[in-house]
Amino acid sequence: MATITVFPSRLQLPGALRRPAVAKLAVLAVAAAVLVPLLNSRWTNGTWPHELTVSLTRPLTAASDWVIDNRDSNPLFLYFLGHVSNAVVLSVRAVYLTLLAAGWAGVTAATALVAWRVAGARLALGTAAALLACGLLGMWVPTMQTLALMAVAVLASVSVGFLLGLAAGLSDRLDRVLRPVLDTMQILPAFAYLLPVVLVFGIGVPAAVLATVVYAAPPMARLTALGLRGADREVLEAVDSLGATARQRLLTARLPLARKDLLLGVNQTIMMALSMAVIASVIGAGGLGDRVYQALASVDVGAALAAGIPIVLLAVVLDRVTCAAGERLGADDGRRTAGWAYVALAAAATVAAALAARLAGRLDWPDAWTVNIAGPVNHAVDWMTAHLYSGVPYVGGTADWAGRFTSWVLDPVRSALLWLPWWSVLLIVAALAWLIGTWRTALTAVLAMAATGVLGLWKPSLDTLSQVLAAVAVTLVAGFAVGIAAARSARVDRLLRPVLDVFQTMPQFVYLIPVVALFGVGRAPAVAAAIVYALPAVIRITAQGLRQVDAAALEAARSLGATGGQQLRQVQLPLAREALLLAVNQGVVLVLAVVIIGGLVGGGALGYDVVFGLAQGDLATGLVAGVAIVCLGLMLDRVTQPTRRRAGKGA
Amino acid sequence: MRRTTLTAAVAVLALTTGCGAADMTRQASPFANARGARTVTLAVPSWVGAQANVAVAQYLLEHELDYRVDTIQIDEVPAWDALSQGRIDALLEDWGHPEQEQLYVREKKTVARAGGLGVTGHIGWFVPTYLARQHPDITDWKNLNKYASLFRTAESGGKGQLMDGSPSYITNDKALVKNLKLDYQVVFAGSEAAQITQIRQSAKKKKPFLTYWYEPQWLFKKVPMTEVKLPPYKKGCDADAAKVACAYPHTPLQKYLNADFARNGGRAARFLKNFRWTTEDQNEVALLIADRKLTPEQAAKKWVDSHPSVWKKWLPR
Amino acid sequence: MTETLQPPARQTTADTPVFAVQGLWKVFGPRPERIPADPELAALPPAELRERTGCTAAVRDVSFDVRKGEVFVVMGLSGSGKSTLVRCLTRLVEPTAGAIAIDGEDVRAMDRARLRALRRHRAAMVFQHFGLLPHRTVLDNVAYGLEIQGVGKARRREKAAEMVAKVGLEGMEHRRPGQLSGGQRQRVGLARALAVDPEVLLFDEPFSALDPLIRRDMQEEVIRLHREEGRTMVFITHDLQEALKLGDRIALMRDGRIVQLGTPEEIVGSPADDYVRAFVRDVPREQVLTVRTAMRPAAADEAGTGPAVRPDATVAEAIEAVARAGAPARVMDQGRCLGVVDSDALLEVVAGTAPREAA
C-alpha cells in the first residue's frame, strides 16, 4: 500500500516538472531570439549600457542638502520629526538613567527576578551570570546603553507591529496590501535600512532607534496577523453564537487565541532589534555595537571580543527567557499565580539591592572587578598571525586559504559574471525564477535585477552577487552534508542542537570579529562570515525536512530492502524537496545580509558603497547602493522562493 | 519592563501635550551627562593618531578635571553634523573640510573653532624606501606608468594597485589616477588597520607597493617610506573634486567644539581649547597603542606620567 | 455591554412554533441571490448548478417548524447542508432567501443589536469540536456566555458552578480544556450553552467526535436534560441511531433538501423514497416501530385476557410480552383496549412485510 505512494511520487515529480518547464523555457528562448540581436546591434558591449542608467546622485544630494539646511527651520521637522526624535532621546535617556540609578546590583537582581518569574530558576541564574559577565568584561555601561536603546526600540516595534498586524488580521484588504510588503522587508539586509533614516534624522540615537524599529516591527506585524487569522474557526463561531460584540470577540477570543504567535512575535522582534541595535552603531547607536565597531576599525580582535561576548550573552538570555515565557503562557496548564505580590517583591528587592550598592559606594561596576581579556586574546591572535596565518607547511596558513579562495573561487566567479552580457544575466534570472515560480515572480526578479543596472551599479551588484553565490555554494554543500548527518543520527543531532541554538541567536555583527582574526581583510573573510552565519539555518531546515518525511513511505522502502543510501536518495531527498528549497532560500537571504555587512571588513562592492556613503556623509552614493541591495535581495529571494505563495494562500 | 513602559508613556505624553516646536538639531545624546556627572563626549576618528589625542584628553579630563568622558566612533563628515547637533562636544583633529566649516561655523554658528592641534598633516602617495633605493626614479609620478606592472595584484586586475585605506578618509586618488592618466586601479583596504596589516606583510617580504598614506604616522618608524612627488599643490587646485591633478596640501590640523559647549562647557571646554601638542608627542602615544598594543588608557597614562610639563599648561586655572 | 433589550411583545400561544422556517435557501458562490429567484436555476441538480453558475446550494427551499418542547433532529450525510441549516437559524450563516421566525418574530429582519440579544438569551449552540477557549478554565468557559452579556463576576461564577455540577464535572472547575477528555470537553460546551438559560438549544453534531461509549453516555445525558427541563432542542447528526434515539421528529436531508420529515416511526415504517429506504434498511425495526403498526381489532374473547402493553410500546417490548404469556397481547390506553397484537403480526413487522397503515 505505502510502496505505491513512494514510487509514483518519485517517477511523477520530474515528469510533472518537465512539461511546464520546457514550455516556459521555450517561451524565454523565443523572447531571447527576438530581443538579443536587437539589443546586440544597439549595444555591442557586454556590460550594462550607459544609456539605460539613470543617475540619482544629483536629486539625492539635493534632497540631503535640503534636509541639512532645513532641519532646524522647516515645520515638518520642527513639529513632527523633531518631536519623534525628541521622544526617542528622552525615553532612551529615561531608561538609561533608571538602569544607572538601579546600579549593577539592582539591575542584576531585578532582571534575575523577572527571569525567575517568567522562565524558572535555571534561567534566572543564567541571566544573573550573563549580566555579571558583562560587568566583569568591563562592559557594564555600554551594556546598559544597548539595553536602554533596545528597550525603547522593542517597545516601539512591538506596538507598531502589533497595530499593523491587528489591522492586517482584521481587514482582508489591508492584509493583501501589507503582506507582500512585510514579506519583502523580512528578506532585506539590515544594512539597507540605515541610510534613509540617517538622511532624515542624521547620525545618532534617534536614527538608530528608528532604523531598529523599521527592521524589527515586521515580524511582529506578520505574526500578529498570522495569529489572528489562524484562530480556530469553530471557537470564533462559538463566541459569535453567544452573541459577542466585535470588541468582545477580539479581546476575549481572537487575541488570547493568538497569544502564542504574539509571544513568538515579541521574541523575534527582540532578537531582530538586538541584531539591528548592534549594527546601528555604524550610525551612532553607541553601546556595545560601537565598541565592536571601534575595535574592527583597528582590527583589535581582543577588544572586539570583549564587546562581542556581552552581545552574545544578551542575545542568548533574551531569547531563552522570552521563549520560556511563551511556552509557559502557551502551556494551558492553568498555573496562574499571584502577579501583584510578585511584582511588589521584585520591586522591593531591586530597590534594596540598589540602595545597598549605593550605600556601599558601589553603584558603578567597580573597576577592580574587571578582567581584561583584550590583552591575552590579542596575544593569541598575534601568535596565530605569526604561526598559522601564512606559510604553514603543507596546508598553508589561514591567510593563504583566504588568498586562494579569492583567486580560485571569488575572482573566477566574478569575472564570469562580468563577462556574461547583461541581457544574458537577465535571461538566466528570468529562467530560474520562472522555473521555480510563476511569470509574476520571474517579472519581479528580472525587474529587480535590471534596476541595479539602471541605478548604474551593475558591476558592484555583480561583484556582491559573486560573493553571495560563492558563499551560498559552500553553505549549501556543508549545510546539506551536516543536515543529512543530523537527520540520520540522533547523536549528531543532540550534539548539534545547542550549538545551532546559540549560533542562530547571535547578531550578524559578531561574526565579523573572528573572521578578521583568521583571514585578514578582504572579500574572503566577508564570505566566511556569511557562511558561518547562514549555516545553522540551512542545517536545521535540512535536518527537519528530512526527519519529517512520511514515516510510512520510509518504512515501505525499508521493507523492500532499500539500503540507507537508497532510502536517502530515493525517498527522503525527493520527499523533502520543499524543505531543501526553503533551506536554499533562507541560505541566500542570510548570506546576502552578511556579505553586505562585509563592506566593513573589506568586502567591497555594494556594502562598501553603503559604508562609504555613511562615512563621507555622501548619502546619495549610500542610498543608491542601498536601493541596489534591496533589488538584489528581492531578485535572489524570488529566484529561490519555491511554494511560499501557494502556502500563503491557504493560511 | 513595566517601568520602561511607564517612563516611555510619560515621556510621550509630555511631548504630545507640550506640543511646541522641537528642533532636533539641538538634541544631545541620551547617554550624555548621566546622573549629574559632567560628561564630555568626544569623537574618535578611526585612525590611531586621532585616537592618541582622544586618549590623552580623556585621561586628563577624567583624572585631573573629574569629568566623565564618552567616546563615539564616528567618521569625519558625519562628525561635523553630530558636532553641530551637540551629540558630540569636541572634534580634536580635523584635516580640513571647507564645505562643512562654511556651513556650520560661518552660517549656522553651531560649531566653534578651538584652535590648532599643533600638528601639521600631509597626505601623499608613498612607496617603501627599499623600493625607492632600487628604482630612484620611481618617486616621480611621471614614471609611475613605467613601473605599473610591479604593483599588479589579484584585486587590481591588469593595472597597478594604488592602495587606499578607509573609505572615510579624504582622498582625491580616483580623480588623480584618471586626470594624470595613470595605469593604476585604486583598491580600498576597508580600514586603516587593514591597510597597515597589508603594508607590514608586504614589507616583511620586501615586496613593492604603492599606497595612500599620511604624516604624522607612527608606521614610518616601522616601515620607512618615501613619498612619490605629484604635481605641486597650488591654492585652489583641489577646488573641483573631479578635476584634481595636484598633490595634497600640508594642513595644520584643527580642533572644533560644539558652539554651546564652547560657551558653557566650563573647565572642560577651556582645557580642550588649550590642548596643543607636537607631532612627536602624538606619534609616541600612537605607537604605544598601535604597535605595543597598550589600551589607549594605558598609553595615555604612560605619556602623561612622563610629560607633565607639556600638559600642565593645558589645565585651566 | 449590558444589553437588556427585551423582546417586543410576541403573540406566543401554545402552538406558535419556536422556529418557523419557510422556503429557506443558502447558496454559496458569486451572486448567490439569483439562484432561488430563478426557478430554472433553482431546479438544477448540484453538479450542473456548480458548472453553470459556480454556486453551491447548501440549503434548498427548506421549510419546517420546531415545536415547543420537542427534540427536532436534522439528519443527513456530510455535505447534505444540515450544519449550514442550523447556522442559518441564528444567522451565524446569513441565509440567501426564505423566512425564519423565532416565536413568531422575523429573524432575518433583526438589526444587529436584536440579533445579538437573540443569540445571547434565546438560542445557544453546542459545537462538534466544542469551540472552547483554550486559555480559560472550565469555570470561565462556562461563564463566558454570561460574561458576554455583562453579568457580574460573582453571579456568573455562581451560575457557572451550578451548570458545571449539572453536567457532572464537579471538581474540574479550574482545569483548562486541554486537560480534559473529549467527552468532558463536550460537557463543558453543553454547560456553557445551558448557563445562558436559552429557550432553544442547538446541537451541531455534538457527539460525532467522541468514542462510541462516551457518545452513548452523552446521549443519555441529553435525554435526561430534556426530560428534566423540557427545553426545545434542534439536534444535527449524521448518525441515524442517534437521530432515532433522541428525536421526537426527524428531518432527513439530502443535497440541501428535506427528503422526509416525520417521527422516527414514520421514517422507519414508511420511507418516503428509495434514498430513505436505503438509509433505514438496517435499522432494527422492532426497536423503533410501536405496537400500533401491528395492531388489529380485538376479537371479543381477547379483550379481557392476555398481557397488556401501552400503545407507544415498541414492537420489541410487545414480542417479549407475547412470548412470555404465550398469547396475544392487549394494547391498553387508560384502561381501554385499543386492539391486540399477536405473534404473526409482530413477526411481519420484524420481517418488514407488514402492511403500512401507520404512514
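Residues numbered from 1 in each chain as written. Chains lettered and ligands numbered in written order. Predicted model: local features only at pLDDT ≥ 70, side-chain atom pairs only at ≥ 80, totals over all residues. Heavy atoms only, no water.

A. Quick peek at the overall build of chain A. Scanning chain A from terminus to terminus reveals 28 helices and zero strands. Split into buried and exposed, the 651 residues of chain A put 55% on the buried side. Long-range pairs, those at least 24 residues apart, make up 81% of the contacts in chain A with a sequence separation of at least 6. A total of about 27500 Å² of accessible surface is found on chain A, and carbon and sulfur atoms cover 68% of it. (Helix = DSSP H or I, 4+ residues; strand = E, 2+ residues; numbered from the N terminus. Buried < 20%, exposed > 50% of the residue type's maximum accessible area, 1.4 Å probe, protein only. Contact = heavy atoms within 4.5 Å. Areas by Shrake-Rupley, 256 points an atom, 1.4 Å probe, with all protein chains shown as cover.)

B. Structural view of the overall build of chain B. When helices and strands are counted, chain B shows 13 helices and nine strands. Counting all 317 residues of chain B, 58% fall into the buried class. Put simply, of all contacts in chain B between residues at least 6 apart along the chain, 72% involve residues at least 24 apart. Here chain B displays about 13800 Å² of accessible surface, and carbon together with sulfur accounts for 53% of that area.

C. Inspection of the interface of chain A and chain C at higher detail. Opposite the 22 residues of chain A that make contact, chain C presents 26 residues. In total, chain A and chain C occlude about 2200 Å² of area from one another, counting both sides; carbon and sulfur atoms represent 58% of this. Taken as a group, E234(A), S241(A) and L242(A) account for 29% of the area that chain A buries against chain C, more than any other trio of residues on that side. The tally of links from chain A across to chain C stands at one salt bridge. Close ionic contact of R87(C) with E237(A) constitutes a salt bridge, the shortest N to O distance being 2.6 Å. Scanning the region where chain A abuts chain C turns up nine residue pairs in polar contact (both at pLDDT 80 or more). Of all the secondary structure elements, the ones that give two or more residues to the side of chain A that touches chain C are α9 (233–241) and α10 (246–257) of chain A. For the side of chain A that touches chain C, the element with the most residues is α9(A), which contributes seven residues. Here the side of chain A that touches chain C is composed, by residue class, of eight nonpolar, six polar and eight charged. (Buried area = accessible area lost by both parts, 1.4 Å probe. Salt bridge = Lys/Arg side-chain N within 4 Å of Asp/Glu carboxyl O. Polar contact = N/O pair within 3.5 Å; in protein donor to acceptor, adjacent residues only side chain to side chain. Nonpolar A, V, L, I, M, F, W, Y, C, P; charged D, E, K, R; others polar.)

D. Spatial organisation of the sheet that holds strand β11 (residues 308–309) of chain C. Residue and element names in this part refer to chain C. What the three strands build is an open sheet, ordered β11-β12-β13; its pairing is mixed. Only two strands of the sheet have a single neighbouring strand rather than two, namely β11 and β13 (336–341). Sheet topology note: the strand β12 (residues 329–333)/β13 ladder contains five bridges and is antiparallel. Across the sheet, residue V331 finds its bridge partner in β13, namely G339. (Pairing = 2+ DSSP bridges.)

E. Quick look at empty space enclosed by the protein. Tallied over the entire structure, the rule returns six cavities of 30 Å³ or more. The space that makes up the largest cavity amounts to roughly 160 Å³. Contributing to the lining of the largest cavity are 15 residues, with Y293(A), A297(A), L600(A), S166(B) and G190(B) lying nearest its centre. Counting residues per element, the ones that place at least two in the lining of the largest cavity are α12 (287–297) and α26 (605–616) of chain A. Broken down by element, the lining of the largest cavity gets its largest block of residues, three residues, from α12(A). Of the domains in this structure, domain 1 (8–120 + 252–314) and domain 2 (121–250) of chain B are the two that each give at least three residues to the lining of the largest cavity. Quantified by volume, the second largest cavity comes out at close to 80 Å³. What lines the second largest cavity is simply W47(B), E76(B), W95(B), I123(B), Y169(B), I170(B), Y212(B) and Y214(B). Residues lining the lining of the second largest cavity come from more than one domain, with at least three contributed by each of domain 1 (8–120 + 252–314) and domain 2 (121–250) of chain B. (1 Å grid on protein atoms, 1.4 Å probe; cavity = no way out; pocket = protein on both sides within 12 Å on 5 of 7 lines; lining within 4 Å. Points joined across faces, edges and corners; volume = space filled by probe spheres on them. Domains from an automatic or database assignment.)

F. Fine view of the side chain of R231(C). Residues and elements named next belong to chain C. One can find R231 in the loop between α10 (212–229) and β8 (232–237). You can call R231 buried: its relative accessible area is 12%. Engagement of the side chain of R231 in a polar contact is seen with the side chain of D197, the distance being 2.9 Å. Sequence-distant contacts of R231, defined by excluding residues within four places in its chain, comprise G69, E70, L194, D197, P198, E199, L201 and H226.

G. Seen up close, the packing of aromatic side chains. Residues and elements named next belong to chain B. Scanning all chains against the criterion turns up 23 aromatic pairs over all chains. Between the aromatic rings of W47 and W95, the centroid separation amounts to 6.5 Å while the plane-to-plane angle is 85°, which identifies the pairing as edge-to-face. Here W47 is found in the loop between β1 (39–44) and α2 (48–63), whereas its partner W95 is found in the loop between β3 (90–94) and α4 (98–107), with 48 residues between them in sequence. Comparing W47 with W95, the two get one shared label, buried. With 6.2 Å between their ring centres and 90° between their planes, Y212 and Y248 make a pair best called edge-to-face. (Phe/Tyr/Trp six-rings, centres within 6.5 Å; stacked < 30°, edge-to-face > 60°.)

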